[in-house]
There are 2 protein chains.
Amino acid sequence: MTVIRRFGAGLAEGGSGDAALLGGKGANLCEMARLGLPVPPGFVIGIDAFQDWRAGKGLPEAAIAEAMAWLESATGRGFGGAEAPLLVAVRSGAPVSMPGMLDTVLNVGLTDAGADALAAESSPRFVEDCRRRLIPAIAASAMGVDAEEMEDVIDDWLVERGKTALVGLPASDLAEINARLMAAAHEEGTDDFPGTATAQLHAAIEGVFASWSGHRAAAYRRMHGMTGIPGTAAVVQAMVFGNHREASATGVAFTRDPSTGERRLYGEYLENAQGEDVVAGIRTPAPLTLADAAAHGAAQKSMEERMPTAFAELSAACAQLEAHFADAQDIEFTVDQGTLWLLQTRRAKCSSRAAMRIAVEMEGEGAISRDDALLRFVPTDIDRMLHTALDPAAPKQVVARGLPASPGAVTGEVCFTAQEAEALKARDRAAILVRIETSPEDIHGMYAAAGVLTVRGGMTSHAAVVARGLGTPCVCGASDARVDLEAGLLHGTGGAIIRRGDILTIDGTAGEALLGAVAMIDPEPEPAFATLMDWADARRRLRVRANADTALDADLARRLGAEGIGLARTEHAFFQPGRLATLQRMILTESADNRRTALASLSSDQRADFLALLQAMEGLPVCIRLLDPPLHEFLPTSEEEITEVAEAMGVAVDVVKARVDSLREFNPMLGRRGCRIGVVSPEIYDMQIRALLQAAADFEDLTGNAADLEIMVPFVASDHEMRLMAQRVASMAASLAHGSGMRPSYRIGAMLETPRSCLRADIVCAHAEFISFGTNDLTQMTYGLSRDDAGRFIRDYIARGALSFDPFHRLDQDGVGALVALGAERGRSVRPDLVTGLCGEHGGDPATIRFCEDLGLDYISCSPYRAPAARLAAAQATILREREGDAAV
Amino acid sequence: MTVIRRFGAGLAEGGSGDAALLGGKGANLCEMARLGLPVPPGFVIGIDAFQDWRAGKGLPEAAIAEAMAWLESATGRGFGGAEAPLLVAVRSGAPVSMPGMLDTVLNVGLTDAGADALAAESSPRFVEDCRRRLIPAIAASAMGVDAEEMEDVIDDWLVERGKTALVGLPASDLAEINARLMAAAHEEGTDDFPGTATAQLHAAIEGVFASWSGHRAAAYRRMHGMTGIPGTAAVVQAMVFGNHREASATGVAFTRDPSTGERRLYGEYLENAQGEDVVAGIRTPAPLTLADAAAHGAAQKSMEERMPTAFAELSAACAQLEAHFADAQDIEFTVDQGTLWLLQTRRAKCSSRAAMRIAVEMEGEGAISRDDALLRFVPTDIDRMLHTALDPAAPKQVVARGLPASPGAVTGEVCFTAQEAEALKARDRAAILVRIETSPEDIHGMYAAAGVLTVRGGMTSHAAVVARGLGTPCVCGASDARVDLEAGLLHGTGGAIIRRGDILTIDGTAGEALLGAVAMIDPEPEPAFATLMDWADARRRLRVRANADTALDADLARRLGAEGIGLARTEHAFFQPGRLATLQRMILTESADNRRTALASLSSDQRADFLALLQAMEGLPVCIRLLDPPLHEFLPTSEEEITEVAEAMGVAVDVVKARVDSLREFNPMLGRRGCRIGVVSPEIYDMQIRALLQAAADFEDLTGNAADLEIMVPFVASDHEMRLMAQRVASMAASLAHGSGMRPSYRIGAMLETPRSCLRADIVCAHAEFISFGTNDLTQMTYGLSRDDAGRFIRDYIARGALSFDPFHRLDQDGVGALVALGAERGRSVRPDLVTGLCGEHGGDPATIRFCEDLGLDYISCSPYRAPAARLAAAQATILREREGDAAV
């Protein structure tokens, strides 16, 4: 059964809850009618009719005819009649807003028969103006004429007559144009122009429906990741005319300023205009209010001055709609010979900053609750607020398109190696590091670079993880581009060639690299942001920690509201030049003496590092992970580097080469890494454990307070490993107490990142006081998919439907999440006070945070820059869990 | 409470069920006493006393004294007394047999005080002979004297006097030797020789206990993987003397021939001898029976002839014991002046062939049930029966020790490349291929080689898997050896250097490489084997399939009793030289025409391959897996190969190199492999699917019977992948039916080898008609451990206790098994008729087979050579499950 719902003229057969059926526009028209607001009468042809039509079942003509009969009697006019002819508008309306993407057809029903009567009611020019809008739309949908052909006809006429615009042309000129349009349509078209009003109506509805599948709309949905939307409804509504010469206008009003969030009526209007004229930019619209007109010295007078009655009605309607929808509204209206009509209301699209101010102020006004204010925001929008952004108005030439790996925008000089990046930085110049992929050896370059672009790798590739940690804008996996390192060239899309030293802009928020410098906008701090964050902190159950490797990261994390460190990767510290050489010596030497010396040097460095982390966190929990990557990641790879290291160590190149070879692995991700290093080469772990315990003791000496140190054992697969590591730490603590009297407090725990550790968490937790799910690796193991290799095909893979999303970007709750749930449940079954956290890249993702909330984990940990968004997401998770819990009762 | 259990002289305070408490020897002595057989009275000091003693709590002296008092009264003799002195033997006895590894002390209680009385009872020489056996044992345990020192004393005396052995020396000579032994003991020892009988007894018990931790015994347990054994008991038993001059002897009897299994009393005896003399080899023992003496033309007369009464008693006892224990027995006895005493009975260790004949014949005799016969065998012993073996008596020089990756033994010439192996084979010479590791490109070399040795890799490394499939003896992961490929050298253990062309023997059963040619024994077929296999086939529920890639493999599999193919790897066929070049062209070409031509050629090859597999299996199920390894495995790697391929294709070397580079992966195991190839590069899968369907149609045309073809999709991680593949196959089948009228029957299913596919099996099975667990990969993913990389550290890892076993060798039931169980359960929840199998390397492992039986899987699949063992293991699994089920009721 086709749904047709009528509204206006005292009827309201729907409401704002019916958007899934009627589309957003139709549902809200019904709602406004229900509220008694002035809405031109009409009806909505529901989305199921669209689906039937698309399935080849045609339009529900009988139902439409019945609804039109009602509309005739409601307006007292006749559709296609010679006397008081009824014109209607046919508009689209999907359940989600796709502004400007779908078609609208105005003045439907304007036939030759009714033209005279209309001219008599208004003016001949009015009729021709209406006809000029109708012909191209109908020609396109009913006759298969290209819309651009119609534009060309008008342009040709203007050029011929030496005119620049249609505005101000007399009726005769418009009539001439309309004749030409009609002739062109018949010449190009496959059919005759529909002569009857009903044929026009059907053509208009089909045109609106067809625009859903048009190139423009499809591209928009793809770009915005809009999937699963069933289609569009069509709204058929009696025309009201803003293009009557007298006391007629059309405009747009916002109940609050969409840029600043200020509470004031804001908007624009245009007299003697219809439809798209306001936004088309040919005539400059005038402000709505006296205050705006005064403030901007506008040439035209405000609506408040010109049409005080209609303005007063509009103001009252705006206030009523904002209060009713409990949010700022974006309202379209028309004044037809002095009468105000509302054509649409929807949630106002505001900047993030404005949205925050509006939410906080509305809470202050008692219009919404704090919970509702918190639920109003997409947490990832918060991310964006903290980063510099490109000026949306600036022109752009995209030369590479990849994944938005680390948000923010930056402009700098292109370089291709870590050394070049450091050299640029040393000269205070911004470096854009371009790499095929990055490895830990590039980390200095990444520290030095202002922005990073890689050709391989996904959202959680090395480059992406490091860049997010550093807050450096980064685009990863720009697989259409090609890097020629030897020649020092980046071959971009469209044949662009970028050389070393060329200026490039990285937009890490959009995932694009742009040629040259692009204008930026720098967000100012918004006072409402702090208020919202305070509310979120008060409301959330989940703690939010940050992944931070250095005291610098940790300071940033504290400033952004992190309540501890969930993951400090000890390996990053080894990549400092002096230390790397020492570590290499330790790994490569055959001499026990040399090894001891090297370890002692590393140990004192690490003790200082760890103390700095504990101090930065001021007694909050600090979870430090023992060495994770395989040792060969620290060794030289190129001939030159090997030679250099061999010379520095005073051993033969072949010896170094043989050792490097012997540590090389087929699948490093599945090799001698994590606690396997601790089992097989215990001296490194012993060094780290000692440094950790000493640092905790140092902290306690310095501050008089206990350190909250967590020692995390990475990549546990068997319970035996965890037992061995716990024993090792305990015996190291005992020997420290015995040797130096230090008795620092600490906890030992496991990073659960293999499926087995989750399946056996009950056994692992016999020896672990806390667990933290490392969902990056857990995802790799659960899928059997390396994140570094997946980058090359995962977009293709998703496009072909073999995956519905990138599991490194979004937590796979069905598979990976099932293991997390199992791990948490089994761990707590043997240790009710087990501390549980999640520290993968997913930690900052709102859906994952909701998942963690439902599992009752204690905390999540994410990059410092994502902490504010995570705090908000955690608050939303708590609110929604409680509401759903209530709903379930 | 210390357990002391007495036996003999009418008492029997234990039985054969008490081995865990009393050790095997003690428990069976009690059992024999209970059966009324002539056992010298004595008592067992239980294993808990050993544990107390080892914990430093000393011996339970009071309990021992009480038991000794009973023994005195039972024998009517006095321990340490001057009249009728009681001598005892102290023997070890662990719950499992460790033949010859633990100490025995005879003649304990022989003091100066009682010597004269004993001499009077027997002879002075008897006393000195007893003393000569006692002194070294007591000196070692009570005085800390090295046992070898004592041997040296005797050897020195013999050299001095120009004698070769103690046998036949008069009492005076033995007395002189004893004096020297005693003097040496006092000189070297830390204490005096214990003068009292009780002190001797305590020293002897402590000596027996201490031998448990001795180097020899510990090494034996390590070698045999014997862990968790609590220790040894000590048996104290009145001496009986086979070394009395008259009518005394000691010997060993088997109730059946341990080499052939023939039903006849078999054994040896030695007159006037004690303890170890029979096996020491100084005097040649005589046969027990007249028949044996006649058959072997023995110089000495048989026991049957010399001691007919004792022999008759022994025969009766043997029959009684075999019937009682329902298995062939190995019995130690002594005849003391005409009286038969039994000192030990245990299950006879027989060759596998003998054991089979015995089991089958005993079933025929009604002595045991068929189920018991089937349960009697370790299935892996069956493996060994099918392979050539080294002559155990041949001398060996081990040059490399690794994992027993593929059983059997072979001698050949050393070579270091696949080309060399092929060249040797072409000249009909046996090649031993020595590699650091093998890759799929070596497969020709492996086909050509008679044996394989690799320095890296574990039991399931590429080399191991391929070798087992081929039945080629293989040793993997011989990490102590070093290969210098450039120089063409293998540096073995102990400084051995093996050059290209040197002769080497591979013992894949033991995991050793031996210098030169080593004598072999070739097993003949044993008729009882076929009988046992028939029984097993009739009894088992689980089907046994084989992993077979070629028609040759498939034929072998059929002959070894496989009931279908559980896994045919389609990639192996691409490594044939002509096909590899075609495949490379297909992957590397930019031209669509070239690609089509290459695919057409591969398609017709594969169609023929698949038809051959179906024909070899004669309508049994054949499960063929679509391409699994990443494409770069098929591409050239070295500069030369790349140049060659580029020339053959007529394209620039750089183009080939770039394409090869673009396909290279960081972690190939987690990369674009399995069905990901099918999604991202569908043309290869389409070619294979078409060839499969055509082959099935060909089979049906040729035979008039339906093919039982299963098309298996590898490495499924998401349900979408399975859906896409099922759709692809269905549409290919539809187009085949439409185009050529072929309508072959087939099923489509998934190989579950990622954790996610197990967790989501319910969703996957919406599109899969069967599932097969690929436990090799599943183990890799569950542990996050690459089998190729693990080989280098896993033994060390196990030695350090971080793993209790190699999960690639034995299925990890707790972790990997939990996923298998979950997968089977969830899969069947949506499809009750789902066919379920397991096709990893674990498929041939008895414990895994039991696990699969309990899960109710339909079949397991293993290498052809392991099929017989798997059939037996499956029967055992059924029997044990039923028995445990009965027991549970």
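Since we're looking at a predicted model, the values are computed, not measured.

(A) Examining the relation of the copies chain A and chain B more closely. It takes a turn of 180° to lay chain A on chain B, together with a shift of 0.1 Å along the axis; the resulting RMSD is 0.2 Å. Taken together, the rotation and translation describe the operation of a two-fold axis. A shared binding surface is used by both copies, with 100% of the interface residues of chain A retained as interface residues in chain B.

(B) Broad picture of the sheet that holds strand β22 (residues 503-507) of chain A. All names here are of chain A. With respect to topology, eight strands assemble into an open sheet ordered β13-β23-β22-β15-β16-β17-β18-β14, the strand pairing being mixed. The two strands at the open ends of the sheet, each matched to only one other strand, are β13 (398-401) and β14 (403-406). Between one strand and the next, the sheet's axes are offset by a mean angle of 30°, whatever the strand orientation. Both strand β15 (residues 409-415) and β22 contribute to a ladder of five bridges, which runs antiparallel. Across the sheet, the residue bridging to E413 is I503, located in β22.

(C) Spotlight on the sheet that holds strand β32 (residues 859-862) of chain B. Reading around the circumference, β25-β26-β27-β28-β29-β30-β31-β32 (chain B) is the order of the eight strands in this closed barrel, with parallel pairing throughout. Averaged over neighbouring strand pairs, the angle between their axes works out to 25° when direction is ignored.

(D) Spotlight on the pairing of strand β7 (residues 249-254) of chain B. Residue and element names in this part refer to chain B. Counted residue by residue, β7 has six buried out of six residues, so it is predominantly covered. By the alternation rule, side chains of β7 split into A249, G251 and A253 and T250, V252 and F254, which are all buried. Pairing between β7 and strand β8 (residues 266-271): six bridges, direction antiparallel. Following the sheet pairing, A253 is matched in β8 by G267.

(E) Quick peek at the packing of helix α24 (residues 639-649) of chain B against helix α25 (residues 653-663) of chain B. Residues and elements named next belong to chain B. Close contact between α24 and α25 brings their axes to 8 Å; oriented N to C, the two are set at 120°. The hand of the α24/α25 crossing is right-handed. For the pair formed by α24 and α25, the contact residues are E639, I642, T643 and A646 on the first element and V653, V656 and K657 on the second. For the contact of α24 with α25, the class distribution of residues is four nonpolar, one polar and two charged.

(F) Molecular detail of the pattern of salt bridges. Scanning the model with the defined rule gives 114 salt bridges over all chains in all. Of the charged contacts in the structure, one is a salt bridge between R263(B) and E365(B), with a shortest N-O distance of 3.4 Å. Residue R263(B) is found in the loop between β7 and β8, and its partner E365(B) is found in the loop between α14 (352-364) and α15 (370-375); the two are separated by 102 residues along the sequence. What makes R263(B) exposed here is its relative accessible area of 52%. The exposure class of E365(B) is partly exposed, given its relative accessible area of 32%. Salt bridges here are not isolated pairs; linked through shared partners, they connect R256(A), R263(A), E322(A), R357(A), E361(A) and E365(A).

Rules and cut-offs
Residues numbered from 1 in each chain as written. Chains lettered and ligands numbered in written order. Predicted model: local features only at pLDDT ≥ 70, side-chain atom pairs only at ≥ 80, totals over all residues. Heavy atoms only, no water. Least-squares fit on C-alpha atoms with pLDDT ≥ 70 in both. Contact = heavy atoms within 4.5 Å. Pairing = 2+ DSSP bridges. Helix = DSSP H or I, 4+ residues; strand = E, 2+ residues; numbered from the N terminus. Axes fitted to C-alpha atoms, helices over the stretch in contact; angles between N-to-C directions. Buried < 20%, exposed > 50% of the residue type's maximum accessible area, 1.4 Å probe, protein only. Left-handed = near helix turned anticlockwise from the far one by under 90°. Nonpolar A, V, L, I, M, F, W, Y, C, P; charged D, E, K, R; others polar. Salt bridge = Lys/Arg side-chain N within 4 Å of Asp/Glu carboxyl O.

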